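Notes for the structure review
So the chains spell out like this:
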Amino acid sequence: MKEKIVLKKLFVTIIAIMSIYEAGAQDTLILNCSFLKQMDNKVLVLRQYSVPSLYNALKDTLSQEVQVKEQQCTFVIPAKYVERYIIYVKDEPNKRALFMLMPNKTEVKFLDTLLKEYEVLNNRIDEENKKIQQLSDRGKYTQDEVNTALKKAIEDHPSSALNAYLLLDLEGKIKDEDFLKLYDLLPDNIRGNSAELLIKYKVENLYKGKQAPEFVQLDTSGVEIKLSDYRGRYVLLDFWASWCGPCRKEHPHYKMLYNKYKKKGFSIISISFDQNRDEWIKAINEDKVTEFIHASDLKGIGNDLTMKYQIKYVPVNYILSPDGKIIAKNIWGKDFENKLMEIFDEK
């Protein structure tokens, strides 16, 4: 009974917020800021804060610099959608604040010189977004409770300006088919902000049935490995690193299945997120997986494929068909074994 009451309160909180913020038609954000006297003559930067991991090619980031005079400054930037923004002191970027704002005339009163204490007027969506972010408190809500509440909120208020950000929170936490149904509910007038563009990129490039993004990386001998060169074979595309325990734990199972199916057209391409070449080679030899196709640009988490494949953590994997299309992702253990049995043993 207690769990039902908690979940009911969660529904009420989110629905109340969602019903207020239907997408509008304004196209400008006017941000009037006031500061303490010590901030005079400082140069402030307002920048659209792109969603973390946003693929760079998708969206240009808007920014503007303004000098504080008589404790005041004003930013005016084109804006059609709800977005996250960051404002910071140009020469002291650690002094900053993050907001969620709709395009309208907004006032922000900063109460300290670190920009940590402030009041936002005439743009309550920032306050309400912070309330929704409190749902990450796992002491109060389980992930399933949050998922259920967010799904219902989107279904009941598909035109809410917050929906793209709420959907992004759900991505990877619910079944792909359920996620796509929710995404299809979003009307055109709330599509186009950085959150929706990231979702669109993932849906169009990294979901089942899509062509896996092409890439070229160097193997352990410096020879180019091109994904499309392996057309005609089923491919396990595995992202890992020598320092990743869970990644290496999968290697014995991968090796067993590779040996079982390699003559039937199965290859494993392992992309390492290592920076140290010696550690990378050492791990390959220690795990006895030298038969796999190994490649890396040795840029660590800055690997060129981080953005292209939206890698936030490792391990991550994809199973690709002979024509290079994604047929499964993030599948391990018995599920992975069953998938290969379905592919090779039931033909």
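Here is what the cut-offs are and how they apply
- Residues numbered from 1 in each chain as written.
- Predicted model: local features only at pLDDT ≥ 70, side-chain atom pairs only at ≥ 80, totals over all residues.
- Heavy atoms only, no water.
- Phe/Tyr/Trp six-rings, centres within 6.5 Å; stacked < 30°, edge-to-face > 60°.
- Helix = DSSP H or I, 4+ residues; strand = E, 2+ residues; numbered from the N terminus.
- Buried < 20%, exposed > 50% of the residue type's maximum accessible area, 1.4 Å probe, protein only.
- Lys NZ or Arg CZ within 6 Å of the ring centre and 35° of its normal.
- Salt bridge = Lys/Arg side-chain N within 4 Å of Asp/Glu carboxyl O.
- Core = buried A, V, L, I, M, F, W, Y, C linked by side-chain atoms within 4.5 Å.
- Contact = heavy atoms within 4.5 Å.
- Pairing = 2+ DSSP bridges.
- Axes fitted to C-alpha atoms, helices over the stretch in contact; angles between N-to-C directions.

Regarding the packing of aromatic side chains
- Counted according to the given criterion, the structure contains 14 aromatic pairs.
- On the basis of an interplanar angle of 65° and a centroid distance of 6.1 Å, the ring pair of F266 and F344 is categorised as edge-to-face. With F266 in strand β12 (residues 266–272) and F344 in helix α11 (residues 333–345), the pair connects residues that are 78 residues apart, well separated along the chain.
- Accessibility expressed as a relative area gives 0% for F266, which makes it buried.
- Taking relative accessible area as the criterion, F344 reaches 6% and is therefore assigned buried.
- Of the aromatic side chains, those joined through ring pairs into one cluster are F215, F239, F273, Y309 and Y318.
- The cationic tip of R191 hangs over the ring face of Y183; the distance from NZ or CZ to the ring centre is 4.4 Å.
- Note that K329 overlies the ring of Y207, its terminal NZ or CZ placed 3.9 Å from the centroid.

Thoughts on the pattern of salt bridges
- All told, the structure shown has 15 salt bridges when counted by the stated rule.
- Among the ionic pairs, K339 bridges to E342, the shortest N-O distance being 3.3 Å. Note that K339 and E342 are positioned in helix α11 at a spacing of 3 residues, about one turn of the helix.
- Assessed through its relative accessible area of 16%, K339 is described here as buried.

A few points about the nonpolar core
- Grouped together as the largest cluster of nonpolar side chains are 46 residues, with contacts concentrated most on F239, F266, I271, Y309, Y318 and F336.
- Counting only elements with at least two residues in this core, the list comes to β11 (234–240), α8 (251–261), β12, α9 (277–286), β13 (293–296), β14 (316–320), β15 (326–329) and α11.
- Discounting residues that sit within four places of it in the chain, Y309 has contacts with L206, A212, P213, F215, L227, L237, F239 and Y318.
- The next biggest cluster of nonpolar side chains, apart from the first, holds 29 residues, and it includes V82, L135, I154 and I199.

What to know about the sheet that holds strand β4 (residues 72–78)
- Taken together, the 4 strands give an open sheet; going across it, the order is β4-β1-β7-β8, and neighbouring strands pair in mixed fashion. The strands lining the two open edges of the sheet, one partner per strand, are β4 and β8 (118–121). Neighbour to neighbour, the strand axes of the sheet diverge by 15° on average, direction disregarded.

A short note on the environment of D169
- With respect to the helices and strands, D169 occurs in helix α4 (residues 163–170).
- Overall, the relative accessible area of 29% leaves D169 in the partly exposed class.

Let's talk about unusual backbone geometry
- Of note, the bond from V314 into P315 is cis; its omega dihedral lies within 30 degrees of zero at 5°.
- Positionally, P315 belongs in the loop between α10 (305–308) and β14.
- Phi is positive for E70, close to 50°, though the residue is something other than glycine.
- Mapped onto the elements, E70 comes out in the loop between β3 (63–67) and β4.

Worth remembering: the numbers are spatial, not functional.
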